[in-house]
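# Understanding the architecture of this molecule
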Amino acid sequence: MSVTSVLRGAHLARRLVQLYVGLALYGASSALLVRAGLGLEPWGVLHQGLSERSGLSIGVVSIVVGAVVLLLWIPIRQRPGLGTVSNVFVIGIAMDGTLALVPAVHGVAARIALMVAGVVLNGVATGLYIAARFGPGPRDGLMTGLHRRTGRSIRLVRTLIEVAVVVTGFALGGSLGVGTVVYALAIGPLAQFFLRLFAVGGEPTDEGTSGSGPAAGTDGPAREDRRTVGDGPRGGEASAPGEASVPARGRSAASGSPGRGTRVTGRTPGRAILPR
């Protein structure tokens, strides 16, 4: 077995660990926001509302909704990756598991602390999960697919989807509050920071260097995720709340100052998808 094969195996192992740790932490962070009782992230509002109406646990509802959204990929011709399918199940299971372990809290100070912990942990989870590059989550893939099919901006498509989700969830009894606002304002900067922190380089080559560009060690959906989004969580558009950028490694800007006749190969900040 060559050194390169060993390095590639270690590279894949790291990405897999990062993917599943990120998804598990995402479910745990969503559970902390539920226990805080100060408002959930947009899709969490819908999950909680459906949970209240159906009698199913919020984790099970998350799995069902994720599966239904994944079916909507078929008409818009999106292709799921390992991360996409894993997202559907791991987040819901981790969410119910965390809710079973973390008791309800009382007192404003304790609830605020739990809310802050949930938002920060969600940013960490987002950075781990997306940077592993195994494909977008079902909700993000729906957004990017509609963006590609309709030609509408990521910002507009994301806003319309999440407004519809929040309004429906709130009408069903989901929790909408200060936590929802804090999440919307904080998740973009947090995700961008942790995406850079946990970025995984390309696979080692026979020359002992890392492959460059989004194709290195990445499947189709993951490449699209890194190119077009920002939802995802959500060129030249300002970053919406919840948007962050996946840092490029092994790329450099074209010579000369960015301007007419000059093409910059690095990605524009604020254009990468969040994992829901």
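Please read these numbers as outputs of a predicted model, since none were measured by experiment.

### Some details on the overall build of the protein chain
The number of helices and strands found in the protein chain is ten helices and zero strands. Taken from N to C terminus, the helices and strands of the protein chain fall in the order α-α-α-α-α-α-α-α-α-α. Within the protein chain, the fraction of its 276 residues that count as buried is 50%.

### Some words on the packing of helix α2 (residues 42-54) against helix α3 (residues 58-71)
Each packed pair of helices is defined by two parameters, the angle between the axes and the distance between the axes. Contact pair α2 / α3: the axes reach a minimum separation of 9 Å and the direction vectors enclose 115°. Between α2 and α3, the angle is such that the two are roughly perpendicular. For the element pair α2 and α3, the recorded crossing hand is right-handed. Touching Trp-43, Gly-44, His-47, Gln-48, Leu-50, Ser-51 and Ser-54 of α2 are Ile-58, Val-61, Ser-62, Val-65 and Val-69, all from α3.

### So, the confidence of the model for the protein chain
Averaged over every residue, the pLDDT of the protein chain is 78; the share at 70 or more is 72%. Every residue in residues 205-273 scores below 50 in pLDDT, and together they form 184 contacts with partners more than four places removed in sequence or on other chains.

### Re the side chain of Gln-48
With respect to the helices and strands, Gln-48 occurs in helix α2. Those residues in contact with Gln-48 that lie beyond four places of it in its chain are Val-34, Leu-40, Ile-58, Gly-173, Gly-174 and Ser-175.

### A look at helix α6 (residues 108-131)
When the terminal C-alpha atoms of α6 are compared, their 35 Å separation across 24 residues agrees well with the 34 Å that a helix rising 1.5 Å per residue should span. Positive phi shows up at Arg-133, right after α6, with a value of about 65°.

### Let's talk about the nonpolar core
If you look at the biggest cluster of nonpolar residues, it comprises 32 residues, and the most contacted ones within it are Leu-19, Leu-33, Val-34, Met-95, Leu-99, Tyr-183 and Phe-198. Elements represented by at least two residues in this core include exactly α1 (3-36), α5 (82-101), α6 and α9 (178-197). With nine residues, α6 is the single largest residue contributor to this core. Trp-43, Val-65, Ile-154 and Val-157 belong to the second largest nonpolar core, which has 13 residues in total.

The rules we used
- Residues numbered from 1 in each chain as written.
- Predicted model: local features only at pLDDT ≥ 70, side-chain atom pairs only at ≥ 80, totals over all residues.
- Heavy atoms only, no water.
- Helix = DSSP H or I, 4+ residues; strand = E, 2+ residues; numbered from the N terminus.
- Buried < 20%, exposed > 50% of the residue type's maximum accessible area, 1.4 Å probe, protein only.
- Axes fitted to C-alpha atoms, helices over the stretch in contact; angles between N-to-C directions.
- Parallel < 35°, antiparallel > 145°, perpendicular 65-115°, else oblique.
- Left-handed = near helix turned anticlockwise from the far one by under 90°.
- Contact = heavy atoms within 4.5 Å.
- pLDDT = per-residue confidence, 0-100.
- Expected span 1.5 Å × (residues − 1).
- Core = buried A, V, L, I, M, F, W, Y, C linked by side-chain atoms within 4.5 Å.

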